[in-house]
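For reference, the chains in residue letters:
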Amino acid sequence: MFLDFEQLENNAKVFLYPSNKKFYPELLKEIDRKVKDFVTQWALENEIEAGFEIKYQRFIVIAINQSKPITTRIIDDLVSFIFKLQITHDIELLDKLNVCFKQGEHVQYKEVKEFKKLIKNKSVNTDTVVFDHLINTKEELNSDWELPAKDTWYGRMF
């Protein structure tokens, strides 16, 4: 069953897909529609409770209540959908090794190598807010997803 993201349980399993490009209005509308159509059908076919949200016009966040086991098939279907989105819209969504961080009101997406250069040039510092792509639950999304670099594994780079 498709649920509004806010209705999902705090322990809902989160799948986070950072985009290398910002979703500007037309693309955002199309991505939102495609993700909603997919999650609605996917939840129905797999008899799961799932929802999604798009944050900062850059992150696709899909979550599943863990009231029943999350099978390999469920995950494969999701990854296949995300892969198709990448190809259709010429965006990168599956690379979790890149760094997303805030610079003022904007979210930046850089390769780790580029982020290290920004550190060296003092363009970012230990207080720069970074996004942890490895969170697992909705609760972690709310509490541990956006943190100063010093409070994350990125802090070792400084």
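Use the structure listed above.
Numbers given to residues run from 1 along each chain, matching the order in which its sequence is written. Residue-level local features of this predicted model are given only where pLDDT is at least 70; pairs of side-chain atoms are given and counted only at 80 or more, and the full residue set underlies all totals for whole chains, interfaces and linings. Excluding hydrogens and water, the side-chain figures rest on all heavy atoms present in the structure.

Engineer: What exactly am I supposed to notice about the environment of N20 here?
Structural biologist: You can see N20 is positioned in the loop between β1 (13–18) and α1 (25–46). According to the relative accessible area criterion, N20 is partly exposed, its value standing at 29%. With 75 residues separating them along the chain, N20 and D95 place their C-alpha atoms 8.9 Å apart. N or O atoms closer than or at 3.5 Å make up a polar contact, with two conditions inside protein: a donor-capable atom paired with an acceptor-capable one, and, for residues adjacent in sequence, both atoms drawn from side chains. A polar contact is formed between the side chain of N20 and the backbone nitrogen of E92, at a distance of 2.7 Å. Working definition: helices are DSSP H or I runs of at least four residues, strands are E runs of at least two. Numbering for both runs from the N terminus. Classification of residues uses two cut-offs on accessible area relative to the type maximum, computed with a 1.4 Å probe and protein chains only: under 20% is buried, over 50% is exposed, and between them is partly exposed.

Engineer: How do you make sense of the nonpolar core when you look at a structure like this?
Structural biologist: Counting residues in each nonpolar core, the largest one holds 22 residues, and the members touching the most others are V35, W42, I60 and I62. With six residues, the single largest contributor to this core is α1. A contact between two residues is defined here by any heavy atoms of the two lying within 4.5 Å. Each residue touching V35, except ones within four places of it in the same chain, is listed here: F52, I60, I62, F81 and L85. Of all hydrophobic cores here, the second largest spans 16 residues; its members include F59, A63, V107 and I135. Only buried residues count toward a nonpolar core, which is a set of Ala, Val, Leu, Ile, Met, Phe, Trp, Tyr and Cys residues joined through side-chain atoms within 4.5 Å.

Engineer: What is the right way to read the pairing of strand β2 (residues 50–55) from this model?
Structural biologist: As a general feature of sheets, a regular strand has side chains that alternate between the two faces. For two strands to be treated as a pair, DSSP must find at least two bridges joining them. Strand direction decides the pairing type here: β2 and strand β3 (residues 59–64), joined by six bridges, are antiparallel. Each bridged residue has a counterpart across the sheet, and for I54 the counterpart in β3 is I60. Joining the antiparallel neighbours β2 and β3 is a turn of three residues, in which Y56 adopts a positive phi near 55°.

Engineer: I tried to follow the packing of aromatic side chains on my own but got confused; where do I start?
Structural biologist: Each aromatic ring pair is characterised by the separation of its centres together with the angle its planes make. Under the pairing criterion, centres of Phe, Tyr and Trp rings, with the six-membered ring standing for Trp, must be within 6.5 Å; the plane angle then separates stacked pairs below 30 degrees from edge-to-face pairs above 60, leaving the rest tilted. Evaluation of the coordinates by the stated rule reveals twelve aromatic pairs. On the basis of an interplanar angle of 55° and a centroid distance of 6.2 Å, the ring pair of F2 and F52 is categorised as tilted. Taken together, the residues span a long stretch of sequence, with F2 in the segment before β1 and F52 in strand β2 at a distance of 50 residues. Aromatic rings pair up to connect Y56, F59, F131 and W145 into one cluster.

Engineer: Would you mind going over the side chain of T152 with me for this structure?
Structural biologist: Looking at the secondary structure, you find T152 in the segment after β7 (146–148). Of note is the side chain of T152, whose polar atom sits 3.1 Å from the backbone nitrogen of Y154. Residue contacts for T152: discarding those within four places in its chain leaves V130 and L147.

Engineer: What's the story with the pattern of salt bridges in this structure? I'm lost.
Structural biologist: Here the idea is simple: oppositely charged side chains can pair when their charged atoms come close. The rule for a salt bridge is simple: a side-chain nitrogen of Lys or Arg has to be within 4 Å of a carboxyl oxygen of Asp or Glu. Applying the stated criterion to the full structure yields nine salt bridges. Across the salt bridge formed by D90 and K21, the nearest N and O atoms sit 3.6 Å from each other. In this pair, D90 is assigned in the loop between α2 (72–89) and β4 (99–103) and K21 in the loop between β1 and α1, connecting sequence segments 69 residues apart. Between E114 and K117 there is a salt bridge, with the nearest N and O atoms lying 3.5 Å from each other. Here K117 and E114 lie together in helix α3 (residues 112–120), a separation of three residues that amounts to about one turn. For K117, a relative accessible area of 44% corresponds to the partly exposed category.

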